[in-house]
Amino acid sequence: MTEVAGLPLAALYPPALVLAAAILALVLPRALGHAVGALSLVAVLVVSLTVPDGTTLTATFLGFSDVRPFFVDDFSRVVGAGLGFLGTFAVVYAYSTDASEGMTAIALAYVASCLATAFAGDWLTLVFAWELMAITSTVLVWHHGGDAVRAGFRYAIAHGIGGTLVLFAVIAHYAQVGEFVYGAGAAGIAVGLPQLLAALGVGVNTAFIGLHTWLPDTYPRPHVAASVFLSVFTTKTSAYVLYRAFPEGELALAYMGGLMAVYGAGFALLQHDMRALLSYHIQAQVGYMVAGIGIGSALAAAGAMGHLLNNVLFKSLLFMAVGVIIYRTGEEDLYELGGLWREMPLTAVGFSLGALSITAVPGFNGFVTKGMILDAADPGYYGTPEYRAVYYLLLLGAVGTLLSFIKLGYYAFLHGESDVEVADAKPGQTVAMLAVGAACLALGVWWQGLVDFLPNVQGTAFTYSGGESHLHPYSASHLTETAGLVAVSLVGFVAIRKPLSKLDLTDPATVVEPITYYAGRWSMLAVTETYRAVDAAAVALVRRCYWVGNNPVLAVEAAARRLPNWMVEVEGRRPADGGRPSTIHLRASIGHTVLFLTLVLTIVLWLLV
């Protein structure tokens, strides 16, 4: 058995640590179970930061001897560290937001499946972890009940289709290459059909335009603590897998990423539901990662991985802050709020840290990595002319992001006054928000440490100081560009605020892809309503049979009232006084009827034979 620092490597396998904590969370007292879950994710963070590059755990699976369920390199290290750090505080937040032991256990199992995907070193392991990720996230949505159940069905269908495409991509890859291990026989997924299938399958999870409607449909519906987990793990893990499939870039992916940034930010502006707004911004921010992966240069890929790490932090922070608002007020509609900064100053601080980070304001982590991706696309820096349009799309997406969070912050915290007294965040919620917010600020100020932690893509080094080819996010040109974007956004919000408040396109799929949307929606309604009707009928039948068994005389008398006169009375008439018919006559009639039916059935069977 391979050892790391004196411990068996299998004992350090992050998914196993978190899955064990998920099981314990079900059986231990609530506080202790949540503590164990948080500690398991601290262990994941430590393993991610300390296990040496190239560490690999090999195993035999389904007859294949070179399966690698645990593989550590610069890329999996970034994802593992981000998920471990955020997961720790997501569990703390869940505990303080009254999440049940069952919900937290499911969330931990979901985290374990995402970690299994991130640390997989071969395509076969990835397929199994990918499917577990879809199953556990679906159950996490279902757990809340209510509207989340039907949304969970639609979510399951989308991810089932995506998972099937990924499976076929891996099968086609193996048929072409003869190996499952990353990098064996192909830099990423094999070219041709495997690449096409992988792009579509992974594109479902990364919310490519046209494959994205599950995202704003699902994430606003479960428990607010569940939304914190969901907002981070699936899309960011999938962006990492997209890099594994396309490590050398792909022009079409770069343009898809640019369009996602604009599309997601644009539809976010039209939302009244706060979590729907944040869900569209998941698509927009993943668009920056997809664009960086598509460009494929060393700077672009490093920026994509860095933005993945940063997005894990600020996106979860924003869902935490909005979750506290919903938890305290019970209100999901942005326009029904206002003036909350006086009632909830700690929540306002947490939201502000997340909003300044996602909008790439200088001093915060989003400014560093979003700038790296923009530089990689800009022909004036490191990009080439073919990515010029991508650069402008990403700039437009940045303006949409600024407008969206100016809108969200204005209507939730600044506009008007709160007409009720609202308690601020609980201590655990506050600790979670401020810890994640502090990380966003620290990585923006200590940006050299962030850049040093990012992968050295394709063996090509780039420096952040000295020489002409340098990376310095706080250069005069970057600061000037950001100041211009902020100014345009502030002026633009003042101009569009009133007409914007009258718009609410909750289901943009009704415009973008109505046939797919309505076919999926009505077919799911048909399935769920049929299931409900059959379930209700079965329950009613069992209850009726149970009652008949306990009340046979009453059952016979009740049946007598519903039978025709000729089956009940010898004289052929019911009692003149309307009273109950004689049960002796009824039993005789039933006996004659049964005898008659038996004779008829016997004759029919004899003729058929």
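Nothing here was measured: the structure is a model prediction, and the numbers come from that model.

A. Quick look at the overall build of the protein. Per the secondary structure count, the protein includes 24 helices and four strands. Looking at the protein residue by residue over its 609 residues, the buried ones come to 53%. Counting only contacts in the protein whose residues sit at least 6 apart along the sequence, the fraction spanning at least 24 positions is 77%. In the structure as shown, the protein presents an accessible area of about 25500 Å², 68% of it carried by carbon and sulfur atoms.

B. Inspection of the layout of surface pockets at higher detail. Its volume calculated, the second largest pocket comes out at about 360 Å³. Of all elements in the fold, only α14 (345-358), α16 (388-414) and α19 (476-501) reach the threshold of two or more residues within the lining of the second largest pocket. At seven residues, the largest contribution of residues to the lining of the second largest pocket is made by α16. By residue class, the composition of the lining of the second largest pocket is 14 nonpolar, three polar and no charged.

C. Examining empty space enclosed by the protein more closely. Summed over all chains, the structure comprises four cavities of 30 Å³ or more. Volume-wise, the largest cavity comes out at about 150 Å³. For the largest cavity, the lining is made up of 13 residues, of which Ala360, Phe367, Leu374, Thr482 and Leu485 are closest to its centre. Contributing elements (two or more residues each) for the lining of the largest cavity: α15 (365-377), α16 and α19. Sorting elements by how many residues they give to the lining of the largest cavity places α19 first, with five residues. Split into classes, the residues belonging to the lining of the largest cavity amount to seven nonpolar, four polar and two charged.

D. Just the pairing of strand β3 (residues 56-61), in detail. Pairing of β3 with strand β4 (residues 64-71) involves four bridges; the strand directions are antiparallel. Pairing of leucine 57 across the sheet is with phenylalanine 70, part of β4.

E. A look at the pattern of salt bridges. In total, this model carries seven salt bridges according to the counting rule given. A salt bridge links aspartate 66 to arginine 68, with the shortest nitrogen-to-oxygen separation between them at 3.5 Å. The class for aspartate 66 is partly exposed, based on a relative accessible area of 33%. Taking the shortest distance from any N to any O, the salt bridge between arginine 244 and aspartate 73 comes out at 2.9 Å. With a gap of 171 residues between them, arginine 244 in helix α9 (residues 224-245) and aspartate 73 in the loop between β4 and α3 (74-96) connect regions that are remote in the sequence. Since its relative accessible area comes to 11%, arginine 244 is described here as buried. What makes aspartate 73 buried here is its relative accessible area of 14%. Each of Arg154, Asp217 and Arg221 takes part in one network of salt bridges that share partners.

F. A look at unusual backbone geometry. Of note in the backbone geometry, aspartate 98 takes a positive phi value of approximately 65° without being a glycine. Here aspartate 98 shows up in the loop between α3 and α4 (101-118). One non-glycine residue, alanine 207, lies in positive phi territory at about 65°. Position of alanine 207 among the secondary structure elements: in the loop between α7 (193-205) and α8 (214-218).

G. Here's a closer look at the packing of helix α5 (residues 123-142) against α9. With their axes 11 Å apart at the nearest point, α5 and α9 run at an angle of 160° to one another. When the axes of α5 and α9 are compared, the pair comes out roughly antiparallel. Here the hand of the crossing between α5 and α9 comes out left-handed. Of the residues in α9, those in contact with Trp123, Leu126, Trp130, Met133, Ser137, Leu140 and Val141 of α5 are Ala226, Phe229, Leu230, Thr234, Thr237, Ser238, Val241, Arg244 and Ala245. Its residues assigned to classes, the contact of α5 with α9 comprises 11 nonpolar, four polar and one charged.

H. Examining α15 more closely. The end-to-end C-alpha separation of α15 is 19 Å, in line with the 18 Å expected for 13 residues at 1.5 Å each. With 13 of 13 residues buried, α15 lies mostly within the body of the structure.

I. Just the environment of leucine 165, in detail. Topologically, leucine 165 is positioned in helix α6 (residues 147-177). Placed 39 residues apart in sequence, leucine 165 and valine 204 show a C-alpha to C-alpha distance of 9.6 Å. Beyond its immediate sequence surroundings of up to four residues, leucine 165 is in contact with Leu197, Leu200 and Gly201.

J. Inspection of the side chain of aspartate 122 at higher detail. Tracing the chain through its elements places aspartate 122 in the loop between α4 and α5. The charged side chain of aspartate 122 is buried without a salt bridge, its nearest counter-charge being arginine 68 at 6.7 Å. A polar contact of 2.7 Å, which involves the side chain of aspartate 122, links it to the side chain of threonine 125. When near neighbours in sequence (up to four residues on either side) are disregarded, aspartate 122 contacts Val67, Arg68, Pro69, Phe180, Val181 and Tyr182.

K. Expanded view of the environment of alanine 435. Within the fold, alanine 435 resides in helix α17 (residues 427-445). What makes alanine 435 partly exposed here is its relative accessible area of 21%. C-alpha of alanine 435 to C-alpha of glycine 350: the two residues are 85 residues apart in sequence and 9.3 Å apart in space. Here alanine 435 is in contact with Phe85 and Phe89, once residues within four sequence places are set aside.

L. Expanded view of the packing of α9 against helix α11 (residues 274-295). The interhelical angle for the contact between α9 and α11, taken along N-to-C directions, is 15°, at an axis separation of 10 Å. Overall, the two elements α9 and α11 adopt an arrangement that is roughly parallel. Here the hand of the crossing between α9 and α11 comes out right-handed. Judged by residue contacts, Val224, Ser227, Ser231, Thr235, Lys236, Ala239, Leu242 and Tyr243 of α9 engage Arg275, Ile282, Val286, Met289, Val290 and Ile293 from α11.

M. Seen up close, the side chain of serine 96. By the element assignment, serine 96 lies in helix α3. In this structure serine 96 touches Tyr327, Lys426, Gly428 and Gln429, once residues within four positions along its chain are discounted.

N. Local environment of the environment of arginine 244. Sequence-wise, arginine 244 and aspartate 122 are 122 residues apart; in three dimensions their C-alpha atoms are separated by 9.9 Å. Of the polar contacts made by the side chain of arginine 244, one reaches the side chain of aspartate 73; its length is 2.9 Å. Within the structure, arginine 244 has its side chain in polar contact with the side chain of tyrosine 240 (distance 2.9 Å).

Conventions used here
- Numbering of residues starts from 1 in each chain and follows the order in which that chain's sequence is written.
- For a predicted model such as this one, the threshold for reporting local features is a pLDDT of at least 70, and the threshold for listing and counting side-chain atom pairs is 80 or more; totals across whole chains, interfaces and linings nevertheless cover every residue.
- Derived side-chain values reflect all non-hydrogen atoms in the structure, with water molecules and hydrogen atoms excluded from consideration.
- To qualify as a helix, a DSSP run of H or I must reach at least 4 residues; to qualify as a strand, a run of E must reach at least 2; elements of each kind are numbered from the N terminus.
- When a residue's accessible area, from a 1.4 Å probe over protein chains only, is under 20% of the maximum for its type it is buried; when over 50% it is exposed; and in between it is partly exposed.
- Every residue pair with non-hydrogen atoms within 4.5 Å of one another is taken to be in contact.
- Each accessible area is a Shrake-Rupley estimate made with a 1.4 Å probe; only the visible protein chains count as cover when residues are assessed.
- Each cavity reported here is a set of points on a 1 Å grid over the protein atoms alone in which a 1.4 Å probe fits but cannot get out, each pocket an open set with protein on both sides within 12 Å along at least five of seven lines, and each lining residue one with an atom within 4 Å of a point.
- Grid points are joined across faces, edges and corners, and a volume is the space filled by probe spheres set on the points.
- Throughout this entry, Asp, Glu, Lys and Arg are counted as charged residues, while Ala, Val, Leu, Ile, Met, Phe, Trp, Tyr, Cys and Pro are counted as nonpolar. The remaining residues, Gly among them, count as polar.
- Any two strands between which DSSP finds at least two bridges are classified as paired.
- A side-chain nitrogen of Lys or Arg and a carboxyl oxygen of Asp or Glu constitute a salt bridge if their distance falls within 4 Å.
- Think of each axis as a best-fit line through the C-alpha atoms, taken over the contacting stretch in the case of a helix, with angles from 0 to 180 degrees between the N-to-C directions.
- An angle counts as roughly parallel when it lies under 35 degrees, as roughly antiparallel when it exceeds 145, as roughly perpendicular when it falls between 65 and 115, and as oblique in every other case.
- Helix crossings get a hand from a simple test, with the near helix turned counterclockwise from the far one by less than a right angle marking a left-handed crossing and a clockwise turn marking a right-handed one.
- Expected span of a helix: the number of residues minus one, times 1.5 Å.
- In this tally, Asp and Glu contribute negative charge and Lys and Arg positive charge; neither His nor the terminal groups of the chain are included.
- Counted as a polar contact is a pair of N or O atoms within 3.5 Å, where, for protein atoms, one must be capable of donating a hydrogen and the other of accepting one, and residues adjacent in sequence contribute only when both atoms are in side chains.

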